[in-house]
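Fold and contact review
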Amino acid sequence: ASKLPHQEEEVLARAWSAAARRDLAARQGTWPDVTDHDRLQAAFTECEEHDVPVRQGVEDHWVVKAELERRTGLRGILWFTQPDVWHAVDHGMLELNLWHPTTANVAPGDHLLDAVLSCLARHGLQARFDEGRIEVAMHWQRRA
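Here's what I pulled together on the structure shown here. For every chain, the first residue of its written sequence is number 1, and the numbers climb from 1 along that sequence. Only residues with pLDDT of at least 70 are given local features in this predicted model, and only at 80 or more are side-chain atom pairs given and counted; all residues enter the totals for whole chains, interfaces and linings. Note: side-chain values were computed over all heavy atoms of the structure, leaving out hydrogens and water.

1. Some remarks on the packing of helix α2 (residues 36-49) against helix α5 (residues 111-122)
Quick note on the threshold: Note on geometry: axes are lines fitted to C-alpha atoms, helical ones only across the stretch in contact, with angles between N-to-C directions running from 0 to 180 degrees. Strands here are runs of E lasting at least two residues and helices are runs of H or I lasting at least four, both read from the DSSP assignment and numbered beginning at the N terminus. Angles are sorted into four bins: roughly parallel if under 35 degrees, roughly antiparallel if over 145, roughly perpendicular if 65 to 115, and oblique for all others. Rotating anticlockwise by less than a right angle from the far helix to the near helix defines a left-handed crossing, while the corresponding clockwise rotation defines a right-handed one. Contacts: residue pairs with any heavy atoms within 4.5 Å of one another. Residues were grouped as follows: Ala, Val, Leu, Ile, Met, Phe, Trp, Tyr, Cys and Pro as nonpolar; Asp, Glu, Lys and Arg as charged; and all remaining residues, including Gly, as polar.
Where α2 meets α5, the closest approach of the two axes is 9 Å, and the angle between their N-to-C directions is 140°. With respect to their mutual orientation, α2 and α5 come out oblique. Judged by the twist between their axes, the crossing of α2 over α5 is right-handed. Contacts between α2 and α5 involve L40, A43, E46 and C47 on the former and, on the latter, V116, C119, L120 and R122. A class-by-class count of the residues in the contact of α2 with α5 yields six nonpolar, no polar and two charged.

2. What about the sheet that holds strand β4 (residues 126-130)?
Here is the rule we go by: DSSP-based pairing: two strands are paired if at least 2 bridges between them are found.
Taken in spatial order, the five strands line up as β1-β2-β3-β5-β4 in an open sheet, and their pairing is mixed. Because the sheet does not close on itself, it has two edges, and the strands there are β1 (54-58) and β4. The mean angle between the axes of side-by-side strands here comes to 30°, regardless of whether they run parallel or antiparallel. Bridge analysis of β1 against strand β2 (residues 77-81) gives three bridges, and the strand direction is parallel. If you follow V54 over to β2, its bridge partner there is L78.

Structure follows, in structure tokens:
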């Protein structure tokens, strides 16, 4: 019996997925025991413990604004979008947004900014504030 066109596409898609999983597994074998992504997650955990929630891969700033409107007692919120993740994958740099509870962006000399930059540094990540965002030098090596 011959396969219908959609069945051939499904078989091809499964083969591509299996090949991509094998490729990822091979690449993960070359990664260090602790990746930049691991360090980033540890820094994010520390931020959360200090009333600075982190929203990873959000759709847009409206999601973050809505969360700030729902919650009280926060020092700020740290966030980034899916395109920011792809920038880290492709270019080795993740751009983070850091807002006060009012949705005001942090600025140089801001205590909240200094605290987050120090946190990132404690976890072995180089970061700097440039043009309204925190630039973190990192490779997005997230284990599957």
